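Analysis of the macromolecular model
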Amino acid sequence: LSDALESLVNDFGLTSETIYLLPLVPLAEVMWADGLLQRSEIDFFHDCLKHHVDNLSRLADNQEVVSMAEAQTFARDLFKAPHDPVKLHRLRELAVQVLNLDPDVEQRRTVMDSCLDLAAIAVSRYPYGKRERVMTAEKQLLRELFETLKLQ
């Protein structure tokens, strides 16, 4: 894992602080699954980001682990268009590794639940059919996440 972290720090400009934000990468990947970001998705992501940063501080005895400014810069990088699906995929693989290190399944469930909510928040076109609310690419990504986060 340390080699992977070092590679990502070098390849993507992550800092020791922003590595703590990796669990949010699967959310960004779900957001980009249809090729565009919608305001409702971005708003939901920012709510998750704030909750994650607050939770990190709480776990560190109320010490700042990542500032909101650093977290927002991290988010802006994930939201840059055109997005890089290969980069997001590599970051998600690392995020899953980090999440799976914790024997407590709760954070993995939270990430999965947030990804499900994101997939349902916005659709790329109206009207949509009975089985098109969550698009095929999102469904495939959600299945991969469920499996790799070991939530069976």
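Here's what I pulled together on the structure shown here. All of these numbers come straight from a predicted model, not from anything done at the bench.

Observations concerning helix α6 (residues 106-121)
Over its 16 residues, α6 runs 22 Å from end to end, which matches the ideal 22 Å to within 8%, given 1.5 Å per residue. Those residues of α6 that sit buried are R108, V111, M112, S114, C115, L118 and A119. Viewed along the axis of α6, the buried residues span an arc of 160°, placing them on a single side of the element. Looking at the buried residues of α6, the elements they touch are α2 (25-32), α3 (39-59), α5 (85-101) and α7 (136-148).

Brief notes about the packing of α2 against helix α4 (residues 68-79)
Following both chains from N to C, one finds α2 and α4 inclined at 30°, their axes separated by 10 Å at the closest point. As α2 runs across α4, the sense of the crossing is right-handed. Where α2 abuts α4, its residues V25, A28, M31 and W32 lie against F74, L78 and F79. Taken together, the residues of the contact of α2 with α4 sort by class into seven nonpolar, no polar and no charged.

Some remarks on the environment of H83
Relative to the assigned elements, H83 resides in the loop between α4 and α5. Discounting chain neighbours no more than four positions away, the residues touching H83 are W32 and L88.

Section: the pattern of salt bridges
In the structure shown here, the tally under the stated rule is six salt bridges. In this structure, R92 engages E29 in a salt bridge whose closest nitrogen and oxygen atoms are separated by 2.3 Å. With R92 in helix α5 and E29 in helix α2, the pair connects residues that are 63 residues apart, well separated along the chain. Judged by relative accessible area, which is 5%, R92 ranks as buried.

Observations concerning unusual backbone geometry
That bond from A81 to P82 is cis: its omega, -5°, falls within 30 degrees of zero. Although it is not a glycine, D61 adopts a positive phi angle of roughly 55°. Turning to its location among the elements, D61 is positioned in the loop between α3 and α4. The exposure class assigned to D61 is exposed, which follows from its relative accessible area of 66%. Here K150, not a glycine, exhibits a phi torsion of approximately 55°, which is positive. The topology assignment puts K150 in the segment after α7. Of the residues examined, K150 reaches a relative accessible area of 56% and is grouped as exposed.

A short note on the packing of aromatic side chains
Two aromatic rings are characterised by how far apart their centres lie and by the angle between their planes. Scanning the model with the defined rule gives one aromatic pair in all. Ring plane angle 75° and centroid distance 5.1 Å describe the contact between F45 and F79, whose orientation is recorded as edge-to-face. Of this pair, F45 sits in helix α3 while F79 sits in helix α4; the two residues are 34 residues apart in sequence, bridging distant segments of the chain. The class for F45 is buried, based on a relative accessible area of 0%.

A look at the environment of L118
As for its position among the elements, L118 is in helix α6. Put simply, L118 and L27 are 91 residues apart on the chain and 7.2 Å apart in space, counted from C-alpha to C-alpha. Every residue in contact with L118, bar those within four places of it in the chain, is listed here: L27, V30, M31, E41 and F44.

What counts, and at which threshold
Residues numbered from 1 in each chain as written. Predicted model: local features only at pLDDT ≥ 70, side-chain atom pairs only at ≥ 80, totals over all residues. Heavy atoms only, no water. Helix = DSSP H or I, 4+ residues; strand = E, 2+ residues; numbered from the N terminus. Expected span 1.5 Å × (residues − 1). Buried < 20%, exposed > 50% of the residue type's maximum accessible area, 1.4 Å probe, protein only. Arc of directions from axis to C-beta. Contact = heavy atoms within 4.5 Å. Axes fitted to C-alpha atoms, helices over the stretch in contact; angles between N-to-C directions. Left-handed = near helix turned anticlockwise from the far one by under 90°. Nonpolar A, V, L, I, M, F, W, Y, C, P; charged D, E, K, R; others polar. Salt bridge = Lys/Arg side-chain N within 4 Å of Asp/Glu carboxyl O. Phe/Tyr/Trp six-rings, centres within 6.5 Å; stacked < 30°, edge-to-face > 60°.

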